[in-house]
Amino acid sequence: MPALVNYSGDDDFFIRKNSIELGRLCSISSQADVYWPPHKRVRISAPFLFRETDFEQNKQPSINDLPGECIFEIFKRLPSGRERSLCACVSKRWLRLLSSIRKGEYRSSNVVKENIDSVSYAIETISSNENGGYLTRCLEGKKATDVRLAAVAVGTSGRSGLGKLSIRGSNSSCGVTNFGLSSIARGCPSLKSLSLWNVPHVGDVGLYEIAKECHLLEKLDLCQCPAVSSKGLIAIAENCLNLTALRIESCPKIGNESLQAVGKLCPKLQSISIKDCPLVGDHGVSSLFSLASSVLSKVKLEGLKISDFSLSVIGYYGKSVTNLMLSGLGNVSEKGFWVMGNAQGLQKLVSLMITSCRGLTDVSLEAMGKGCANLKQMCLRSCRFVSDDGLLAFSKAQGSLECLQLEECNKVTQSGIIGFLSNCGLKSLALVKCMGIRDISLDTPLSSPCNSLKSLSVKNCPGFGTASLAMVGNLCPQLQHVDLSGLYGITDAGLLPLLESCKEGLAKVNLSGCLNLTDEIVLALTRLHGGTVELLNLDGCRRITDASLVAVADNCVFLNDLDVSRCAISDSGVAALSHAEQLNLQVVSFSGCLGVSNKSMPFLKQLGKTLVGLNLQHCNSISARTVELLVESLWRCDILF
């Protein structure tokens, strides 16, 4: 033993004559840890050769040595989705092979109800009533790759397949291609909704596969898909006869022939939206309406090079259209809108929105009023040729309109608004950035009150002032919702007559951006409407102080949403709110209130017993530690800081 311990000889490894021993040693060197002294080398006096048969005898067999065709056949016989998902995690090669198998090609003997987790690449399942209870996946940005799509296809194939897929922002070099979309097509034949946004590497080949396998497809959304042409959309139309909704936006290769195929082959089409597609013209739009007019109800045409002919066809064949949106149609003239209205085909039209169409004039607007007998909602934006005369003529011809929104219609004045309210039983009126409205004194007495108007919204109309408010108060005594945001010119004296004339009691009041209002108007509001007001927005009213919060705490019984952002509010005002026993606030915003500090913490905790939302952004007097304590205490409340 001492001789063994004190042995000082060389540490060299001696080579035996039997080369098989060395072969075995080499074969395990990659699998086992073997001690190799760092300061010695094997001394080989003469070269020697290893026989190929020696390695073949000791080489471990691997399934990866099999051809892809054999592994493919093995995978087709996997009994359930769990085994497929586990195999997909082994390597990209296995994942690629599994994703190439169509769902109907699996030869499982037993159909087992699956309740497994998908592979790690897949995104969490979202199931809700809105999605009809089927599986949903949404891949965005860097997460949108072919590998993830293949994993989704394999992981969901065992759970009745994927029902809805959204791919957004896959414009990188490793983004989604036709291969990834083909994997979805083969693994998820039950796909009902497909949305592709900004996927430049997906073209007609991917849509071919979807059309070939996913015959249950109902909704297709293509946005910024430059590689998709009419051929791909025609394939969808020929194979997906259940298509009900189609949206095409910024697809430069999709033209008229694809819309003709959709109109002819998709009898269930209900909704169509086409935006900024330069190859789409009159032939595509007109054929779509003339062939699919039986059930087509929602139509949106924006930024297209269509002419009066298309609007004429819509007027004649749009007998089922209920919602119509036309925007940026620069080639359509007054004649097109006039014919569309006089054609009398839009009898079921309920909602109409027209934006930046120079062809809409007073004459064509009157024709639309005569031809759309059941119109309930109308929105006109940037229609610079519509004036008071057109509004008056429309109101006399149209007796069913309930909601009207005018935005940037600068030829409309106060006289046109009064005349419209006098002739039409409106329930809601919204005026946004209408610079033609000016405070003028009317020589003629106002006509009979408009008792039907319940909601009035006047935003960013600088000419709407004291006289206009008094006029609205006298003309519309049944108001319940008032939105005067951005009217920095109105004062307490100007707003008070409107508050006093509202007989039913205001429920929602938005005065954000009204810089000249003071506590006096809030005191009057709480005194007159404290028993009915539910929402009060005073954002940016910098002259509002704690006195307003005291009045709110004392009088507003049903208030649940309060916004006093950027007001002169301090800790005393917060304390007044917290001490009000009858208040049941759910959402409160103190954003930008520099007077609210850490001293308000116990008051905020008291308010938080009923709150679900609290905004403390830009409250620089509140420390981060205080917010952390509030978050721990008010765990039911969503706190913004």
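For the structure, see preceding data.
Since the structure is predicted, the reported quantities are computational estimates derived from the model, not experimental observations.

J.: Lay out helix 11 (residues 256–265) in plain terms, naming residues and giving numbers.
T.: The complete set of buried residues in helix 11 reads Asn256, Ser258, Leu259, Ala261, Val262 and Gly263. Considering only its buried residues, helix 11 is in contact with helix 10 (230–239), strand 5 (245–249), strand 6 (271–275) and helix 12 (282–291).

J.: Help me get a handle on the pattern of salt bridges, residues and values and all.
T.: Applying the stated criterion to the full structure yields 11 salt bridges. The partner of Arg247 in a salt bridge is Asp221, and the shortest N-O contact between them spans 3.3 Å. Separated by 26 residues along the polypeptide, Arg247 in strand 5 and Asp221 in strand 4 (residues 219–223) bring together distant segments of the chain. Taking relative accessible area as the criterion, Arg247 reaches 24% and is therefore assigned partly exposed. The residue Lys275 makes a salt bridge to Glu249 at a minimum N-O spacing of 3.7 Å. Here the residue Lys275 occupies a position in strand 6, and Glu249 occupies one in strand 5, the gap between them amounting to 26 residues. Where salt bridges share partners, they join Asp221, Arg247, Glu249, Lys275, Lys300 and Glu302 into one cluster.

J.: Can you break down the nonpolar core residue by residue, with the values?
T.: Ranked by internal contacts, the top residues of the largest apolar core, which has 160 residues, are Leu324, Leu380, Leu406, Leu479, Leu484 and Phe590. Discounting chain neighbours no more than four positions away, the residues touching Leu484 are Val458, Leu469, Ile490, Leu495, Leu498, Asn510, Leu511, Ser512 and Cys514.

J.: Give a detailed account of the packing of aromatic side chains, specifying residues and quantitative values.
T.: Summed over the entire model, instances satisfying the criterion amount to one aromatic pair. With 6.4 Å between their ring centres and 10° between their planes, Phe394 and Phe420 make a pair best called stacked. In this pair, Phe394 sits in helix 16 (residues 388–397) while Phe420 sits in helix 17 (residues 414–423), placing the two residues 26 residues apart along the sequence. Each member of the pair, Phe394 together with Phe420, is buried. Over the ring of Trp197 we find Arg168; its NZ or CZ atom is 4.0 Å from the centre of that ring.

J.: Could you give me a rundown of the environment of Ser364, with the residues and numbers involved?
T.: When you line up the elements, Ser364 lands in helix 15 (residues 362–371). With 30 residues separating them along the chain, Ser364 and Glu334 place their C-alpha atoms 5.9 Å apart. Residues contacting Ser364, with those up to four places away along its chain left out, are Glu334, Phe337, Trp338 and Gly359.

J.: Now, about helix 22 (residues 571–578): what can you tell me, with residues and values included?
T.: An α-helix turns once every 3.6 residues. As a result, residues three or four positions apart point the same way. Among the eight residues that make up helix 22, seven are buried, leaving the element largely enclosed by the rest of the structure. The set of residues buried in helix 22 consists of Asp571, Gly573, Val574, Ala575, Ala576, Leu577 and Ser578. Each element contacted by the buried residues of helix 22 is listed here: helix 21 (546–555), strand 17 (561–563) and helix 23 (601–607).

J.: Please give an account of the pairing of strand 3 (residues 193–197) that cites residues and values.
T.: The element strand 3 is largely enclosed, with a buried count of four among its five residues. Strand direction decides the pairing type here: strand 2 (residues 162–168) and strand 3, joined by five bridges, are parallel. Along strand 3, the bridge assignment pairs Lys164 with Ser193. In the sheet, strand 3 pairs with strand 4 via five bridges, with the strands oriented parallel. When the sheet's bridge partners are listed, Leu196 is paired in strand 4 with Leu222. For the crossover that starts at strand 3, traverses helix 9 (residues 204–213) and ends in the parallel strand 4, the hand is right-handed.

J.: Requested: an account of the packing of helix 10 against helix 11, with residues and values cited.
T.: Contact geometry for helix 10 and helix 11: axes closest at 8 Å, N-to-C directions at 5°. Considered as vectors, helix 10 and helix 11 are oriented roughly parallel to each other. Where helix 10 approaches helix 11, its residues Ser230, Leu233, Ile234, Ala237 and Glu238 are matched on the opposing element by Glu257, Ser258, Ala261, Val262 and Leu265. The residue inventory of the contact of helix 10 with helix 11, partitioned by class, reads six nonpolar, two polar and two charged.

Basis of the calculations
- Residues numbered from 1 in each chain as written.
- Predicted model: local features only at pLDDT ≥ 70, side-chain atom pairs only at ≥ 80, totals over all residues.
- Heavy atoms only, no water.
- Buried < 20%, exposed > 50% of the residue type's maximum accessible area, 1.4 Å probe, protein only.
- Helix = DSSP H or I, 4+ residues; strand = E, 2+ residues; numbered from the N terminus.
- Contact = heavy atoms within 4.5 Å.
- Salt bridge = Lys/Arg side-chain N within 4 Å of Asp/Glu carboxyl O.
- Core = buried A, V, L, I, M, F, W, Y, C linked by side-chain atoms within 4.5 Å.
- Phe/Tyr/Trp six-rings, centres within 6.5 Å; stacked < 30°, edge-to-face > 60°.
- Lys NZ or Arg CZ within 6 Å of the ring centre and 35° of its normal.
- Pairing = 2+ DSSP bridges.
- Right-handed = clockwise from strand over helix to strand, strands pointing away.
- Axes fitted to C-alpha atoms, helices over the stretch in contact; angles between N-to-C directions.
- Parallel < 35°, antiparallel > 145°, perpendicular 65-115°, else oblique.
- Nonpolar A, V, L, I, M, F, W, Y, C, P; charged D, E, K, R; others polar.

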